[in-house]
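# Inside the fold
This is what each chain is made of:
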Amino acid sequence: MGPDALVAVAVPRSPELVVVLLAVMKAGGAYLPLDPSYPGDRLSHMLTDARPVLVVRTEGTVVPDAGVPEIVIDEPAFAAACDEQPGGNIGQDERLGELRPANLMYVIYTSGSTGVPKGVAVSHTGVSDMVATQASLFGVRPGERVIQWASMSFDAGYYDVALALLHGATLVLAPREELLPGEPLRETLIKHDITHAVLPPVALSVTDGTDLLQGGTIMSTGDACTPALVREWSQGRRMYNGYGPTEVTVGASIAGPITDAQDVSIGTPWIGGQVYVLDDKLGQASDGEEGELYLAGSGLARGYLNRAGLSATRFVPDPFGPPGTLMYRSGDKGLRKAGGELYFTGRADDQVKIRGFRVEMGEVEARLAEHEAVDVAVTVVAGGLADARIVGYVTAVEGADVTEAELRAHVAQTLPDHMVPALVRVLDEFPTTPNGKADRAKLREAATRALTAVETPARSASGAASSVRDAAAFEEALCTMVMEILGKQSVTGQDNFFELGGQSVLAVQLGSRIRKELGVKVPMRSVLEAPTLADLARSLEEAAGR
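About the thresholds
- Residues numbered from 1 in each chain as written.
- Predicted model: local features only at pLDDT ≥ 70, side-chain atom pairs only at ≥ 80, totals over all residues.
- Heavy atoms only, no water.
- Domains from an automatic or database assignment.
- Contact = heavy atoms within 4.5 Å.
- Buried area = accessible area lost by both parts, 1.4 Å probe.
- Salt bridge = Lys/Arg side-chain N within 4 Å of Asp/Glu carboxyl O.
- Helix = DSSP H or I, 4+ residues; strand = E, 2+ residues; numbered from the N terminus.
- Buried < 20%, exposed > 50% of the residue type's maximum accessible area, 1.4 Å probe, protein only.
- Polar contact = N/O pair within 3.5 Å; in protein donor to acceptor, adjacent residues only side chain to side chain.
- Axes fitted to C-alpha atoms, helices over the stretch in contact; angles between N-to-C directions.
- Parallel < 35°, antiparallel > 145°, perpendicular 65-115°, else oblique.
- Left-handed = near helix turned anticlockwise from the far one by under 90°.
- Nonpolar A, V, L, I, M, F, W, Y, C, P; charged D, E, K, R; others polar.
- 1 Å grid on protein atoms, 1.4 Å probe; cavity = no way out; pocket = protein on both sides within 12 Å on 5 of 7 lines; lining within 4 Å.
- Points joined across faces, edges and corners; volume = space filled by probe spheres on them.
- Phe/Tyr/Trp six-rings, centres within 6.5 Å; stacked < 30°, edge-to-face > 60°.
- Pairing = 2+ DSSP bridges.
- Core = buried A, V, L, I, M, F, W, Y, C linked by side-chain atoms within 4.5 Å.
- Patch = residues over 30% accessible without salt bridge, like charges linked within 9 Å, V, L, I, M, F, W, Y side chains within 5 Å.
- Areas by Shrake-Rupley, 256 points an atom, 1.4 Å probe, with all protein chains shown as cover.

So, on to the domain arrangement of the protein chain. According to the domain assignment, the protein chain consists of domain 1 (1-99), domain 2 (123-342), domain 3 (357-455) and domain 4 (471-544). Each of domain 3 and domain 4 was reduced to a C-alpha centroid, and the two centroids are 25 Å apart. The partner domain 4 presents 14 residues to the 13 residues of domain 3 that form the contact. For the pair domain 3 and domain 4, the summed buried surface comes to about 950 Å²; carbon and sulfur atoms form 40% of the total. Applying the counting rule to domain 3 against domain 4 returns 1 salt bridge. In this structure, glutamate 404 engages lysine 488 in a salt bridge whose closest nitrogen and oxygen atoms are separated by 3.2 Å.

This is how it looks when you write it as structure tokens:
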């Protein structure tokens, strides 16, 4: 393994994961994170496309065969081999080749508008300026504690590591179920005395910020930060708002400390970076005039791995920089005010954010359209922040008969959970605009109605189990709760919460209602891992009897 060689890493969130990533980079290579929760087909595409030289995993992690050597880090023989190695830092002369800033650091795969995920290749070049920006704004010191919230499958995960370890602070890791937005996250931040956290607006919107990170620092990133969030989270701590797509080294601009909740900006560029607001002729937009945001500077990614044609359309010559330099066409719209502050105003395409995850709606539509019974597929997003959900609409080919459950199961074979539509509706025909295109506004209105139109249950959830504390009563209560949370007309005990369209944030809502309405507290792991609602009801019965 040498410079520019990729190592696929499939290790659960743990101290060992951080050690593996540091080992890969110190040896001169670059890491390709593999999330074991992703469908096998998606992981296979990533491995085939990236062509890593090595796979590093744990014994219990299943990874598609990449036809390359593997290291299983928790095998006793491997641990013994590590113990025989010297403990000093690796030197440049020990590497297979000299490691330079321009060499690859990681490849992160993102949703693709054409239906194919694309790998963003990021070098070490922007790290020093990223760390300098962190130091100048946050002043992180030894003894302070940074929560590792983001998955390492996203670039924000690397930002958390750098914010702690490259400033002498402590990096705090916790199991996934203890980081879920809401009460689990709140308890974790308090339990570990966290002083610095980087969280998306969706997590902030459902977590009570009272008495959290007092005197510390919170940064909102990954989606548009609202004035309501600023009013809550800027009290008693420093709050920042960051902006930047995966195509740069984690971020491009940052605002803060934020105190004005009326007009939330994305601030000014990071050290070593540039953010241009350009018109459709690549001319500088005037102050206050909306344009497209183009990003340049030391943090710019190399491009898309093995996708030279696509890279050329998004990473274009920078007319304002030194000869030969590039800038990234973000697809984000924005403006700059007279004082230099930048503002995000929307997207120029169909890319959206679902619970902080970047999703190209074209990829979801492509997966739906691959089903043999589907003629045309259109997707929309209903709700916002924690309630944002994808809803798919399809028309079927003549004579075909297909159900919502079949279509959701079909896309779940290739898409991660956050990209699977919460609902899929089969239509005879699409509503259209005057120019004949599918009327997405009407579909969005219909999606909102579908997610909220639930018949009023005959009994309240709490009443169903108030007198009898057995599994049958708990099951009835759970079915009622899930109908209300997911907007379903019918739910049975044999249903799986996530197969019905649930996701992690909604699972936290279910757990909260169980505690408040049924008076039973069960670990979030039980809610997340229950195969059916009937199984969860039996867990409630056991917990209530203790």
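Turning our eyes to something else, we now look at the side chain of glutamine 148. Its location among the elements puts glutamine 148 in the loop between strand E7 (145-147) and helix H5 (155-165). Residue classification places glutamine 148 among the buried positions, given a relative accessible area of 3%. A polar side-chain atom of glutamine 148 sits 2.9 Å from the main-chain carbonyl oxygen of alanine 150. Not counting the four nearest positions on each side in its chain, glutamine 148 is found in contact with Arg13, Gly157, Asp160, Val161, Leu171, Val172, Leu173 and Leu179.

Following both chains from N to C, one finds helix H4 (residues 127-138) and H5 inclined at 60°, their axes separated by 10 Å at the closest point. One way to sum up the angle between H4 and H5 is to call them oblique. By crossing handedness, the relation of H4 to H5 is classed as right-handed. Where H4 abuts H5, its residues Val127, Met130, Gln134 and Phe138 lie against Tyr158, Tyr159, Ala162 and Leu163. Considering only residue class, the contact of H4 with H5 consists of 7 nonpolar, 1 polar and no charged.

Quick look at empty space enclosed by the protein now. Taken as a whole and judged by the stated rule, the model has 4 cavities of 30 Å³ or more. Taken as a whole, the largest cavity encloses approximately 120 Å³ of empty space. Elements that contribute at least two residues to the lining of the largest cavity include exactly H4, strand E14 (273-278) and strand E15 (291-297). It is E14 that provides the largest number of residues to the lining of the largest cavity, a total of 3 residues. If you add up the space inside the second largest cavity, you get close to 50 Å³. Contributing to the lining of the second largest cavity are Asn496, Phe497, Phe498, Leu510, Val527, Leu528, Ala530, Thr532, Leu533 and Leu536. Put simply, the parts of the chain that give the lining of the second largest cavity at least two residues each are helix H16 (524-529) and helix H17 (533-545). For the lining of the second largest cavity, the residue count by class is 8 nonpolar, 2 polar and no charged.

All right, on to the packing of aromatic side chains then. If you walk through the whole model with that rule in mind, you get 9 aromatic pairs. Here tyrosine 159 and tryptophan 270 contribute two aromatic rings whose centre-to-centre distance is 6.0 Å and whose plane-to-plane angle is 40°, an arrangement assigned as tilted. In this pair, tyrosine 159 is assigned in helix H5 and tryptophan 270 in the loop between strand E13 (268-269) and E14, connecting sequence segments 111 residues apart. Note on accessibility: tyrosine 159 and tryptophan 270 belong to one class, buried.

Time to look at the pairing of strand E18 (residues 326-336). Examined bridge by bridge, E15 and E18 share 4 bridges and lie antiparallel to one another. Along E18, the bridge assignment pairs glutamate 292 with lysine 333. Of the strand pairs in this sheet, strand E17 (residues 315-317) and E18 are connected by 3 bridges, and their pairing is antiparallel. Bridge assignment links phenylalanine 315 to a residue of E18, and that residue is tyrosine 328.

To continue, consider the nonpolar core. Ranked by internal contacts, the top residues of the largest apolar core, which has 54 residues, are Val9, Tyr31, Tyr106, Met130, Phe138, Tyr158 and Tyr159. Each of domain 1 (1-99) and domain 2 (123-342) gives at least three residues to this core. If you look at the next biggest cluster of nonpolar residues, it comprises 30 residues, including Phe474, Leu500, Val527 and Leu536.

Secondary-structure assignment places leucine 199 in strand E9 (residues 196-199). The spacing of leucine 199 and glycine 272 is 73 residues in sequence and 24 Å in space, taken between C-alpha atoms. When near neighbours in sequence (up to four residues on either side) are disregarded, leucine 199 contacts Trp149, Leu185, Leu204, Ile218, Met219, Ser220 and Thr221.

What follows concerns the pattern of salt bridges. When the charged atoms of two side chains with opposite charge come close together, those side chains can pair. Taken as a whole and assessed by the stated rule, the structure comprises 17 salt bridges. Glutamate 292 is paired through a salt bridge with arginine 329; the nearest N and O atoms lie 3.2 Å apart. In this pair, glutamate 292 sits in strand E15 while arginine 329 sits in strand E18, placing the two residues 37 residues apart along the sequence. One network of salt bridges, with partners in common, ties together Glu177, Arg525 and Glu529.

Let us look at H5. Along H5, 9 of the 11 residues are buried, which leaves the element largely enclosed by surrounding structure. Burial in H5 covers these residues: Asp155, Gly157, Tyr158, Tyr159, Asp160, Val161, Ala162, Leu163 and Ala164.

Here we take up the sheet that holds strand E23 (residues 389-396). Strand order across the open sheet formed by 3 strands is E22-E23-E24, with mixed pairing between neighbours. Two strands bound the open sheet, and with one partner strand each, they are strand E22 (374-382) and strand E24 (423-427). The average undirected angle you get between the axes of adjacent strands in this sheet is 20°. Note that E22 and E23 share 8 bridges and pair antiparallel. Counterpart to valine 376 in the pairing with E23 is threonine 395.

Another point: a nonpolar patch on the surface. The grouping of Leu22, Leu165 and Leu166 at the surface amounts to a nonpolar patch, some 240 Å² of accessible area in total. Topologically, leucine 165 is positioned in helix H5.

Among the residues of helix H2 (residues 40-50), Arg42, Leu43, Met46, Leu47, Asp49 and Ala50 are the ones counted as buried. Buried positions along H2 lie against strand E1 (6-10), strand E2 (30-33), strand E5 (104-110) and helix H10 (361-369). Of the residues flanking the end of H2, it is arginine 51, one or two places downstream, whose phi is positive at about 55°.

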